[in-house]
Every structure is written in structure tokens, then in C-alpha cells.
Amino acid sequence: MKNIYDISFEKLETYFTDIGQKKFKAVQVYDWLYKKRVTSFEEMTNIKKEIINHLKQNFSIQIPKIIKKEEDVDVIKFLFELSDYQKVEAVLMKHDYGNSLCVSTQVGCNMGCSFCESGRLKKIRNLEVHEMVGQILAIERIIKVRISHVVLMGIGEPFDNYDHIIDFIHIINSGKGIAIGSRHITVSTCGIIPKIKRFIEDGKQVNLAISLHAPNNQIRNHLMPINKVYPIEPLMEVLKEYTEKTGRRLTFEYILLDGINDQVQHALELAKLVQNMNCYINLIPYNETSHLQYKKSNQTSIMHFYDILKQNHVAVTIRREFGSKVSAACGQLRANYEEGK
Ligand code: SAH
């Protein structure tokens, strides 16, 4: 059975016309789901009993259950249990510009980045659309905040679950539903070139972030196995095409790992790599995890790296650190939970 949160507004209209009802029913149902936020079909009191029954026979309305919540200054981390008892997590970050939610897109991840906790547990399955929409709804239900920004940077590789994330973006972006603006949605990928090409063709107006983390193939191969399939040169080629065709500015994420990719020569190499590109670099202080040997760069190296990029006319920011106390590193909460800690 489909879940009602898998269904776009347009598909719901079609559903109603197919069963001989007025299209307008979709407006009413979407309103109950996304504005009034009911948790059962019975609560949709302006819908005829007969239609309610039809909906009940065809759709479930369940969303993931929050089973754990950890709080720190300006950040709350949630662990979800899905209907098959799999677990994923989402992180809510309070910024001065709004509340941003980092959602998971898969149960586990197959990309195998050596510094990342999520990949220690291999991919079990893709998340369904409703399981991503449900992360937002479940959190807004229990804490009374409005999520204004969504980043697809939780567990999983969004472009390894392409069709579902595109539908997910469409649904949360819909003015009839949660209505999160395109400019407030960011997809992050490790760089799967064929999917980046499809993404360009699909013409979604959302932001794109690329996990780069290294200025050359040698280091990137070591950190991110995907680089052996899609190395830096063809990646940069397709990203140039992205910026040219969309006119949008691209974000590069660059985790600073002590002694590995944070030296002066790396900063210079990185500046050269991105020169003349419509992009900015987001330097990320590494969130250390107890299972992996990597250390975060010290403050002096971080500032030095930042200065070199600036001097070389690269737009650069340093990501504010969130939640080192709440196991906020991608995949940590789930990994710890699964290992019974
Ligand atoms: N698979 C996608 C999205 C999920 S990871 C991607 O690769 O972009 C989201 C971001 O968090 C990526 O940039 C990833 O490299 C980074 N990340 C993973 N583990 C981290 C850690 N321990 N500390 C800081 N950033 C981390």
C-alpha cells in the first residue's frame, strides 16, 4: 500500500478524478495533511465518509516514529524508527536565519567515505518519499518550530536514491503543502556524475553542494572511493556545466582533517582547482568519532587554510560547529544505537 505522503499534489488530483471525484478534493486533503497536520484520515471532517474510506483502503498515513532525542545548544538530534524497524536520523539546527533540518535519504550508505560514520553501516535500503517527508512532519509535531530550510545531508547518498529525492523535493516545495522554497533546499552529493547530469536536465531550482574534501585525486581516492569511478577532472567538467546552465552558485564542502588535506599546498591546489568557477567553499571542522582514526584540524590550520583561499580570491566560509556533544557527526547516533551503546 502507498503512503499518502508519497503522493504529490498533482498525483492526488489525478487520483480523485480517476475515482470520479472533483479535483478540488486534493486541495482539501493536502490542507489537512500539511497545514492542519492531522494524524488520521478520520480527522478530515469536511471530507465525505465514503471518500475517507476510499483513502483508508488505498493509503497508509503513518510516518517514522521518533525513538530518541538528544539536545545541545541550538541543535537537536532525532533518531527515527521506520515501519520495518530500521533506524535513521535527522538533525535540527537553529540558525539566526531559521531552522534547518538535515534529513537522511537512505538506511546506511554504500559510498564508503573513510572518514564518515554513516558508511560504516552499509546501505540496507533507500528511504521512501514518505519517510523523508515524515522526518520533517514528525519533528514539527513534537517540537513547535517551523522548519524553514532542508538539507539532504544526513545518512545516505541522495543521488543513489535519485527518483525518491526528486519526488521528496517536489512535495516539500509545493505551495499546497509544506511550501519550503527551492532556495531553502540543498542536495549534497559525493559526486555521482551521471546523476549530476540528470539533475541539470531536470532543472530543479534547489541548491547543489558537492562533498569535495580533497584538492587532488590522490588524496580524494584515499578518502572517497567514489573518486576512483568519477575522478576530479570529469567532475569539475560537469560542475562547470551545472553553473553555466543553471546560473546558480555551487557549494563545495571541504572537511579539514589534520595532516591529511589541511596543509598550505592543499589550500593552494584547491584555490587553483576552483578558480573562475561560480562557487564557494564551505570549510567544515571535522566532527571526530570514536571509531575512526581521523583528527580534526587545529584552529590555527583552519584559519590559515581559510586565509590562503581568501588571498586567492576564493569565496569561502567556515561552517559553524554544531552538536559535538550530541553525536552529530553524520550517522553517529544510529551507529551508536545499533551497537547498543
Ligand atoms: N552523501 C552525501 C550527503 C551526506 S554526507 C555527500 O557525500 O555529500 C553530508 C556531509 O557531511 C558530507 O559533506 C560529508 O562528507 C560530511 N561528513 C561526514 N562525516 C562527517 C564528520 N564526521 N564530520 C564532518 N562532516 C562529515
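Residues numbered from 1 in each chain as written. Predicted model: local features only at pLDDT ≥ 70, side-chain atom pairs only at ≥ 80, totals over all residues. Heavy atoms only, no water.

## Digging into the site of the ligand
Argument step 1. Looking at the ligand, there are 20 residues lining it, with Glu 157, Ser 188, Ser 211, His 213 and Asn 287 nearest.
Argument step 2. Within the side chain of Glu 157, an N or O atom sits 2.9 Å from a nitrogen atom of the ligand.
Argument step 3. With respect to the ligand, the side chain of Ser 211 contributes an N or O atom lying 2.6 Å from an oxygen atom.
Argument step 4. Within the residue set of the shell around the ligand, elements represented by two or more residues are strand E10 (185–189) and strand E12 (250–256).
Argument step 5. Split by residue class, the shell around the ligand holds 11 nonpolar, 7 polar and 2 charged. (Near = heavy atom within 4 Å. Polar contact = N/O pair within 3.5 Å; in protein donor to acceptor, adjacent residues only side chain to side chain. Helix = DSSP H or I, 4+ residues; strand = E, 2+ residues; numbered from the N terminus. Nonpolar A, V, L, I, M, F, W, Y, C, P; charged D, E, K, R; others polar.)

## Concerning the pattern of salt bridges
Argument step 1. Applying the stated criterion to the full structure yields 14 salt bridges.
Argument step 2. Across the salt bridge formed by Lys 68 and Glu 70, the nearest N and O atoms sit 3.2 Å from each other.
Argument step 3. The exposure class of Lys 68 is partly exposed, given its relative accessible area of 31%.
Argument step 4. Lys 123 is paired through a salt bridge with Asp 160; the nearest N and O atoms lie 3.0 Å apart. One end of the pair, Lys 123, is in the loop between strand E7 (106–107) and strand E8 (125–126); the other, Asp 160, is in the loop between strand E9 (149–152) and helix H5 (162–173), and 37 residues separate them in sequence.
Argument step 5. Judged by its relative accessible area of 26%, Lys 123 is partly exposed.
Argument step 6. Salt bridges sharing partners connect three or more residues here, namely Lys 65, Glu 81 and Lys 87. (Salt bridge = Lys/Arg side-chain N within 4 Å of Asp/Glu carboxyl O. Buried < 20%, exposed > 50% of the residue type's maximum accessible area, 1.4 Å probe, protein only.)

## Structural notes on the domain arrangement of the chain
Argument step 1. Segmenting the chain into domains produces domain 1 (2–60) and domain 2 (65–340).
Argument step 2. Taken together, the contact between domain 1 and domain 2 spans 14 residues of the former and 14 residues of the latter.
Argument step 3. Connecting domain 1 to domain 2 are 1 salt bridge.
Argument step 4. A salt bridge links Glu 140 to Arg 37, with the shortest nitrogen-to-oxygen separation between them at 2.6 Å.
Argument step 5. Taken together, the links from domain 1 to domain 2 amount to 6 residue pairs in polar contact (both at pLDDT 80 or more).
Argument step 6. Looking at the side of domain 1 that touches domain 2, the elements that each hand over two or more residues are helix H1 (9–18) and helix H2 (25–35).
Argument step 7. Examining the composition of the side of domain 1 that touches domain 2, we find that 4 residues originate from one element, H2, more than from any other.
Argument step 8. Considering only residue class, the side of domain 1 that touches domain 2 consists of 7 nonpolar, 3 polar and 4 charged. (Domains from an automatic or database assignment. Contact = heavy atoms within 4.5 Å.)

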